[in-house]
Amino acid sequence: MSELAAGRVRPAEGPAEPWPDNYLTAEQGLGSWLLTTDHKRIALLYMATLLAFFVIGGFGAVMIRLELFTPEQDLMTADAYNRMFTLHGTVMVWFFLVPSIPNTLGNFLLPLMIGARDLAFPRVNLLSWYLFVGAGLLLVVALVAGGVDTGWTFYTPFSTMFSNGYVLLAALAVILAGFSSIATGLNFIATVHLLRAPGMHWFRLPLLVWALYGTSVVMVLATPVLAASLLLIVAERAFGLPVFDPAQGGDPLLFQHLFWFYSHPAVYIMILPSFGVISEIVTCFARRRIFGYTFMVYAILWIAVVGFLVWGHHMFVSGQSLFTSLVFSFLSFVIAVPSAIKVFNWTFTLYRGQITFEAPMLYALGFIGLFTLGGLTGLFLAAIPIDVHVTDTYFVVAHFHFIMVGGAVTALYGGLSFWWPKITGRLYPEGWARFAAILMFFGFAFTFFPMFVMGFAGMPRRYAAYPPEFQIWHVMSSCGAVLLAAAYLLPMAYLTFSLFRGARATDDPWDATGLEWRTASPPPRGNFGVLPVVAEGPYLYHPEAEGPHHSEREPHQNQGGNL
Amino acid sequence: MSGRSSRRSSKRSLGEATPRSAGAILARSLPVWLVLVGLALASCALAYLPMGRWNMAVSLGIAAAKMLLIGLFFMHLRRPDPLLRLAGGAWLLWVGFLAALVFADQATRAPLTQPEHMEDRTMEPPETAGGRSGF
Amino acid sequence: MSGGALREPWHSLRRQREAASFGMWLFLASEALLFGGLILAFIATRWFHPAAFAAAGREADIVYGTANTLLLLTSSLTMAVGAQAARAELPRLAGRALGLTLALGLAFLCLKGLEWRADLAKGLWPGPGFALEQPAARIAFAFYWLLTGLHGLHLLGGLSAIAWLAGQAVLGRRPWRSPAFEAAALYWHLIDVVWMFLYPLLYLDGRAA
Ligand SMILES: [Cu+2]
């Protein structure tokens, strides 16, 4: 451990040796940040903005868990509770999870990983951040003015005819955030197609790049349909144009179709980039090539395409036709296959790997466990009979939190710890980071596993008061939430600490492959001194000649050490 | 004249055959426009021909033909560039996904829940809040 | 900026041009799904109420609608000519064609405004005092206002972009070779294509009866 760790720290050559010019120091002043077209700086701008929204959304979660500590409705009115879970959902989905990995790590890493100087349209990238900030301000105005009580799904006719929250402002904010996401998506797609370094052909791309590519396809093609459905709500609410009004013969199910055509693939917007991050981390700390690289690539593309054909599993009890429900149910089982392929391949990558348990790896292993549970319960929900039983219960809440929080957020923290030395040039205290990773796993399980149990027992979601027999589970969940909150805050503390007091990292502290590690930490403004040329595939951690192939049987050795 | 200019252009723009004279540009674009106008007038006229439910199908077919013409000739989808074809074709597939499954639902929905069968209720006075019992 | 048209992070104008048109195509795919979703919602609602939608289609003003269709088709022609002329560095032809495009686009908006005024006078806003009897005709007109309004907004956006680019080029601040003209032309053609579908859905329905 000490030997490995020593290799990460840049030896100090002089007490006050200045850093070589990098993207952080190349230009000074607020203007150079707010008008930057550097993808790395824009990634940091996004990071700061997303942190703010994570805190706002987290506040909503804290209030919900506090209210649910007792069966009585004592902390807030039912209406305030509605507004609170809507705040939590809206902020977390559109203003944190959807942009989380793509716009922070993705924005930073995509050009570096393919050997480009920047994204294809640097100014569009900046525009996307401004759109996002504008949308965020709009949403904050809506929340401060009194909030929204429809839930994040904006179902009609409640949202159009009865709700007295600020639905209009919130819908406009989401539409605007959607355009920011479209701008990012098309920028990524064009970059991957047109700016790869010489020799970087499609099947040499790191899996994070593939994942971001798939995510971008979903963003570009799904988000406009969300905008369409919300525009129809805006038309009905603001101008009195009765689109979904059942009294005039309108069809509220049509809204659900349009809404879920985006909102199911949105889950893949959140989870695909996490898949990419986990593939990078697992290979690096198992010191092995990824198992089944081409399968991983096709799994990503399969998810990005077939993910659009399963949205109806959110509507099994809505009154859509039974025939369509059957089709959607079948397709929802089909979409589980590529996710399973990915879990199997990570596991096989670990098999006979020389695993070391640095913080990013602990996050990644936590991800694999939690995501597997979330994915398997997704199969329960794809089966119509079980879904009818658990629709709108905490079982569903637990399921999607396992995917979107246990999965995507854990992966975001893992990716942050993995690339932090590259982004900032600093190392964080490894012990604290490992502690946070383990705490996050257990805190998460403690918070959300009880929800499976109470949900299956019939605890409905979106109620502030509940029968006393569920209290034990809610208390467990609320206690777990305290641990989870601590685990989320801890990295913010040690990462901030590392900015000022952390040891300076070498260019490649994890001894990882990938072009992003072939440049300085932090990288210079133009990413590479000399643009790289690629001659080999990704993840060459285990060259054929050097280590045992997994088909060779030889006595097992202690992992990580005495090589 | 146009042959020589296109040979010169191939040197300047690395083999992309783009018209370089006013005459060549107009000769390439005007016929397309004439066909488009013809189609537009035809779709207007055909709309008055009683064909029952086929009226909308014909008008939408003509619209699709116009889209194809504009795409191929004005938006350069004829150019053998796989990237443009990818982007120009992807949206079609995705709109197809949306349409196929939405219409599958509408075509097979249980009759009682179809608004068509509830239309006569809309003239009745609104019922009390809480909805119909049994639904 | 060598030659004025090449920008970071590109090394060749050819590649940059490819990126501009590919990026614009991706945006168009996105826009196509926005309008595709709305048009699909229209068709899906029409599925349940064919008679009411036909009645609504008969009320829409076919003269304005057809005239606007022809205007927009012609503006697509001038825009295509303008973009090709700009690329061939024929400033006179390009300037004229783009100017004509702007004029045709403005004419479309003016006609649209007149049509909207006439519609309001006829009581076609689906609020109190709506002219048609069937309840679902209100939905048809809800879509009419939403779709024509959104299309008009897009057209306004396209007009501003073209005016800005052409203005820059005339003032000599942007070379005519800039890939932006081709990208703007693509966007303009999309606006045209969307209208090609709005025209039969909103104006031609129910004419034969
Ligand atoms: Cu789903």
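Residues numbered from 1 in each chain as written. Chains lettered and ligands numbered in written order. Predicted model: local features only at pLDDT ≥ 70, side-chain atom pairs only at ≥ 80, totals over all residues. Heavy atoms only, no water.

Visitor: Got a minute to help me understand the confidence of the model for chain B in this structure?
Guide: Segments scoring low in pLDDT should not have their predicted coordinates read at a detailed level. Residues and elements named next belong to chain B. Within chain B, residue pLDDT values average 76, and 69% of them lie at 70 or more. Ranking the elements of chain B by mean pLDDT puts helix H1 (residues 2–12) last, at 40, and helix H3 (residues 54–74) first, at 93. Confidence over residues 1–15 falls short of pLDDT 50; this stretch has 11 contacts with residues more than four positions distant or in other chains. This stretch, residues 120–135, has a pLDDT under 50; its non-local contacts, to residues over four places away or in other chains, come to nine contacts. The complex prediction reports pTM at 0.91, with the ipTM value standing at 0.93. (pLDDT = per-residue confidence, 0-100. Helix = DSSP H or I, 4+ residues; strand = E, 2+ residues; numbered from the N terminus. Contact = heavy atoms within 4.5 Å.)

Visitor: So what exactly am I meant to see when it comes to the pattern of salt bridges here?
Guide: This structure, assessed with the given rule, holds 15 salt bridges over all chains. C:Arg46 serves as the salt-bridge partner of C:Asp205, at 2.8 Å between the closest nitrogen and oxygen. Note that C:Asp205 is positioned in the segment after helix H6 (180–204) and C:Arg46 in helix H1 (residues 13–48), a separation of 159 residues in sequence. Judged on exposure class, the residue C:Asp205 and its partner C:Arg46 are both buried. One network of salt bridges, with partners in common, ties together A:Asp38, A:Lys40 and A:Arg525. (Salt bridge = Lys/Arg side-chain N within 4 Å of Asp/Glu carboxyl O. Buried < 20%, exposed > 50% of the residue type's maximum accessible area, 1.4 Å probe, protein only.)

Visitor: Looking at this model, I keep getting lost on the nonpolar core. Mind explaining?
Guide: Soluble, globular proteins show a tendency: their nonpolar side chains are buried together. With 300 residues, the main nonpolar core has A:Trp94, A:Phe154 and A:Trp419 as its most contacted residues. Domain assignment of the residues forming this core places at least three in each of domain 1 (1–80) and domain 2 (81–111) of chain B. When residues no more than four places from it in sequence are discounted, the contact partners of A:Trp419 are A:Leu105, A:Leu109, A:Met113, A:Leu208, A:Val277, A:Glu280, A:Glu516 and A:Trp517. (Core = buried A, V, L, I, M, F, W, Y, C linked by side-chain atoms within 4.5 Å. Domains from an automatic or database assignment.)

Visitor: In this structure, what is going on with the side chain of A:Thr223? I would like to understand it.
Guide: Residues and elements named next belong to chain A. Structurally, Thr223 can be placed in helix H8 (residues 207–239). For Thr223, a relative accessible area of 2% translates into the label buried. Among the polar contacts made by the side chain of Thr223, one reaches the main-chain carbonyl oxygen of Met219 at a distance of 2.5 Å. Setting aside residues up to four positions removed in sequence, Thr223 forms contacts with Gly178, Ser181, Ile182, Val218 and Tyr262. (Polar contact = N/O pair within 3.5 Å; in protein donor to acceptor, adjacent residues only side chain to side chain.)

Visitor: Teacher, can you tell me more about the UniProt feature "domain: Cytochrome oxidase subunit I profile" (unreviewed entry) in chain A here?
Guide: Under the local residue numbering, the UniProt record ascribes the feature "domain: Cytochrome oxidase subunit I profile" (unreviewed entry) to residues 33–535 of chain A. Helix makes up 71% of residues 33–535 of chain A and strand 0%, with an end-to-end C-alpha separation of 35 Å. (UniProt positions renumbered as here; feature names shortened; annotations may be inferred.)

Visitor: Whenever I open this one, the interface of chain A and chain B confuses me. Can you help?
Guide: In many reports, interface size means the accessible area that the parts give up when they come together. Taken residue by residue, the interface counts 28 residues in chain A and 17 residues in chain B. For the pair chain A and chain B, the interface holds one salt bridge. Counting every contact that joins chain A to chain B gives four residue pairs in polar contact (both at pLDDT 80 or more). At the level of secondary structure, the elements contributing two or more residues to the side of chain A that touches chain B comprise helix H7 (167–194), H8, helix H9 (252–286), helix H10 (293–306) and helix H11 (322–350) of chain A. Of the residues forming the side of chain A that touches chain B, the biggest block, five residues, is contributed by H9(A). Residue composition of the side of chain A that touches chain B, grouped by class: 19 nonpolar, eight polar and one charged. (Nonpolar A, V, L, I, M, F, W, Y, C, P; charged D, E, K, R; others polar.)

Visitor: Please explain the domain arrangement of chain B as it appears in this structure.
Guide: Residues and elements named next belong to chain B. The domains assigned to chain B are domain 1 (1–80) and domain 2 (81–111). Listed by partner, the interface residues are six residues for domain 1 and five residues for domain 2. Of the roughly 460 Å² buried between domain 1 and domain 2, counting both surfaces, carbon and sulfur atoms make up 60%. The tally of links from domain 1 across to domain 2 stands at one residue pair in polar contact (both at pLDDT 80 or more). Looking at side-chain class alone, the side of domain 1 that touches domain 2 contains three nonpolar, one polar and two charged residues. (Buried area = accessible area lost by both parts, 1.4 Å probe.)

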